[in-house]
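If you want the building blocks of each chain, they are given just below.
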Amino acid sequence: MVLDRKATLSLRALALGYLIILLLIPLLLIFFRTFEDGVAAFWAQVTTPASIAAIQLSLTIVAIAVPLNVIFGIVTALALARGRFPGRGIVQAIVDLPFAVSPVIVGVSLILLWGTGGWLGGLAGLGIQVIFSLPGMVLATIFVTLPFVVREVEPVLHEIGDEQEQAAATLGASRMQTFWRITLPAIRWGLVYGVVLTVARALGEFGALIVVSGAVSGESQTLTLLVHSRYIDDHNVFGAYAASTVLMAFAIVTLLLMTTLNRRRELE
Amino acid sequence: MITVDTVSKRFGEYTALDAVSLEVPEGSLTALLGPSGSGKSTLLRIIGGLELPDAGVIRIDGEDVTKVPPQRRGIGFVFQHYAAFRHMTVRDNVAFGLTVRKQPKARIEARTSELLGIVGLAGYAERYPNQLSGGQRQRMALARALAVEPRVLLLDEPFGALDAKVRAELREWLRRLHEEVEVTTLLVTHDQEEAMSIADRIAVMDNARIEQVGGPRELYDRPANPFVAGFLGAVSQLGDRLVRPHDILIETDALDGGLEAQVQRVVHLGFEVRVELMLTDGAEVSAQLTRQTVDELELAHGDIVWLHAAPTTVLPDAGPDAAATVDPGPEVAGERAA
C-alpha cells in the first residue's frame, strides 16, 4: 500500500493522539495532582504507617510470587517446548487460563477452595491462615501472573532448538550442567522479559486481592488496595494520588528496565 | 571401531532403519551415503545416543553402548548447523567438554589452544560464533568435538549448510585432519562426490537399508545394484545393460556389431565431450568421450554410429524398473535444513 505523505502524517497524528488522550493524559494528571502542593505534601502521604506497610506488603508479595513463577515457568516452558507427552494441548490452554479469567473470579475461587468450608479450609483450624492473609494474596498473585514467564520463554526455546543441548550431551555435560551452562544462558532475555512483566502485573494486581485480602490497613493492604481505600473509603483523594504515583514509579522503573534490556537483546 | 548389529527404528508408521548392520573399522573414515529419507542421519544419531533404536545393538570398540547415554559413549558429534554455543566465545566452545569434566585449568587451556591451532582458529579464540563464517564455525565445532578425545567422531552432513567453494576446501581439510588425528570417523552425506573424495569406505543407504559397503572405486566400478550404480555416478542404458557414459565406445562402422544410434548433439565441455545419441528404438543415450576421440571420429549431428560397452566395468543389468531407479537426481542440500 502506498500512501502519500499527507495521509501518512495524518495517520500518525491519529495514532499518537489516541495514545495521548487514552493513556498519557490520565496518568499525567495524577502526576500533576500529586505534586501540585509540593514534594513535602506527597512525602507526608507516602510515609504514613499504612502507606509504608502497603509498600512493604506489595514488595513482599512480588518477592515470593515472582521466584515461584520463574521456576514453574521455566519447567513448564521446557516441558511444552521439548516434551512429547499426551495432554500437551490441554496444558497449553491451562497456562493461558489466567489471561482469560477475570481476577475477581480468581479471588472468589480461591476463597471457595481455601476459605472456611472450602476443600482445604481445614488448614485454618491448624493455625494456617490462607484467606485474608499473606498466603492467600500470594496465591492470587501467582495465579494471575502465571503465564508470563512461560509465554516469554517457550518461543525462545523453540527458536534455539535442541541441537545445542544435544551437542552439550555428546560433549559429556549432565542434564543439570546442560541446563545451567547452555539452556539458561540461551533463554535469559526471554526470561528477563517474562520476569519484568510478572513483576509489573504482580504490583498492579487488584481484583483478586480485594476479594482474598480483607484489605485491613497496615496488615493486608497492598499499594493498589491502599489507593482504592483512600479514594473510595477515606475520601483522601490526595493520598490516593500520592500512592498511585508510587505505584507508577515502580511501573516506570520496570518499563525502563524492559526497554533497555530489549535493546541489549537486539544488539546481541 | 563401531559395530551396528541389526538395528531397526520406526517413527510411527515410518520405517527409518530396517535391520541395518554395519562395521566402521578402527581409524577409517567411512561415509554413510544416501538420498534424504534413506535413514542415514537416524543411524548416525542412534550411534551417537541421540536416538534409541527399537531393536538391535550398537558397539563401540566392542562395548555394548546401546543403552548408554551420549555423555558416556566417548563420541564426538558434529551437527549440520554447527550447534555452536552462541553465548560463549570460540575458546569456551572448544573447552566445553573439558570444562564439564572438571579438568584442571592449565590442561584445558593447553588442550584448547592446541586444538584451535589444529583447526586454524588460533586468532579467533575470543570471538563469538556469530562473528565467524560458516566454515569457521564448523571447524570450531570439530575442534570442540575432538577436544574430549572421542573414540569415534560422528559427522552429520557437516558441510551441508556451506556454499560449494567452502565445502570443497573443508573436505580437503577434513581429509588431512583425519590423517593427522586418526580417529575412527563416520560421516553422513547425500553428496556422492563428497563421499568419494573424502572417505576410504562408503556405505550406500536407501529406503532404511544399507545397499552396499565398499571402497569408492569398488562401489563405482562394481555396484551391487542399479540404485548404487546410479547414485555413485551417471549411467546410460545400452539395451539391457547399464554403462558409465565414459565406458561407451563409438564406432563409425558396423563391422563389430553393436547398437545402432544417431548422433543428436555434440556438446564440448573442454577436455570432455558429451555426445547425445538416440538408439533405433528411440531411447536416448549420453556418452562421454575425450576431445581427441571425437575429433578422430569426426562426429557430427545426424551421423549414424554403432555403440559398444567397454569391457572394463561390470555394472549390474538394468532390472525391469531400472529406468526409475537409475537416476536419483540432484538432491537439495540439507534435508533437515528447514
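Novice: Now, about the interface of chain B and chain A: what can you tell me, with residues and values included?
Specialist: Contacts between chain B and chain A engage 25 residues on the former and 20 residues on the latter. Counting every contact that joins chain B to chain A gives six residue pairs in polar contact (both at pLDDT 80 or more). Elements supplying a minimum of two residues to the side of chain B that touches chain A: strand E6 (75-78), helix H2 (90-100) and helix H4 (134-147) of chain B. When residues in the side of chain B that touches chain A are grouped by element, the largest group, four residues, is from H2(B). Of the residues that constitute the side of chain B that touches chain A, the class distribution is 13 nonpolar, six polar and six charged.

Novice: I'd like a rundown of the sheet that holds E6(B), residues and numbers included.
Specialist: Pairing between the strands of a sheet comes from backbone hydrogen bonds, and it takes one of two forms, parallel or antiparallel. Residue and element names in this part refer to chain B. Strand order in this open sheet of six strands is E6-E7-E8-E3-E9-E10, and the pairing throughout is mixed. If you trace the sheet from one side to the other, it starts and ends with E6 and strand E10 (209-214), each paired once. Adjacent strand axes in the sheet meet at a mean angle of 15° when their direction is disregarded. With five bridges connecting them, strand E9 (residues 201-206) and E10 associate as antiparallel partners. By the bridge assignment, Ala203 is partnered in E10 with Val213. Together, E6 and strand E7 (152-156) form the strand contacts of H4, whose direction differs from that of E6 by roughly 170°.

Novice: Let's hear about the domain arrangement of chain A: which residues, and what values?
Specialist: Residue and element names in this part refer to chain A. Partitioning chain A into domains gives domain 1 (1-36) and domain 2 (38-267). Look at where the C-alpha atoms of domain 1 and domain 2 centre, and you get two points 30 Å apart. Carbon and sulfur atoms make up 77% of the surface buried where domain 1 meets domain 2, a total of about 740 Å² over both sides. Among the residues of domain 1 in contact with domain 2, Ile30, Thr34 and Phe35 are the three that bury the most area, contributing 64% of the side total. Across the domain 1-domain 2 interface, the total number found is zero salt bridges. Our count for the contact surface shared by domain 1 and domain 2 stands at three residue pairs in polar contact (both at pLDDT 80 or more). Split into classes, the residues belonging to the side of domain 1 that touches domain 2 amount to four nonpolar, one polar and two charged.

Calculation rules
Residues numbered from 1 in each chain as written. Chains lettered and ligands numbered in written order. Predicted model: local features only at pLDDT ≥ 70, side-chain atom pairs only at ≥ 80, totals over all residues. Heavy atoms only, no water. Contact = heavy atoms within 4.5 Å. Polar contact = N/O pair within 3.5 Å; in protein donor to acceptor, adjacent residues only side chain to side chain. Helix = DSSP H or I, 4+ residues; strand = E, 2+ residues; numbered from the N terminus. Nonpolar A, V, L, I, M, F, W, Y, C, P; charged D, E, K, R; others polar. Pairing = 2+ DSSP bridges. Axes fitted to C-alpha atoms, helices over the stretch in contact; angles between N-to-C directions. Domains from an automatic or database assignment. Buried area = accessible area lost by both parts, 1.4 Å probe. Salt bridge = Lys/Arg side-chain N within 4 Å of Asp/Glu carboxyl O.

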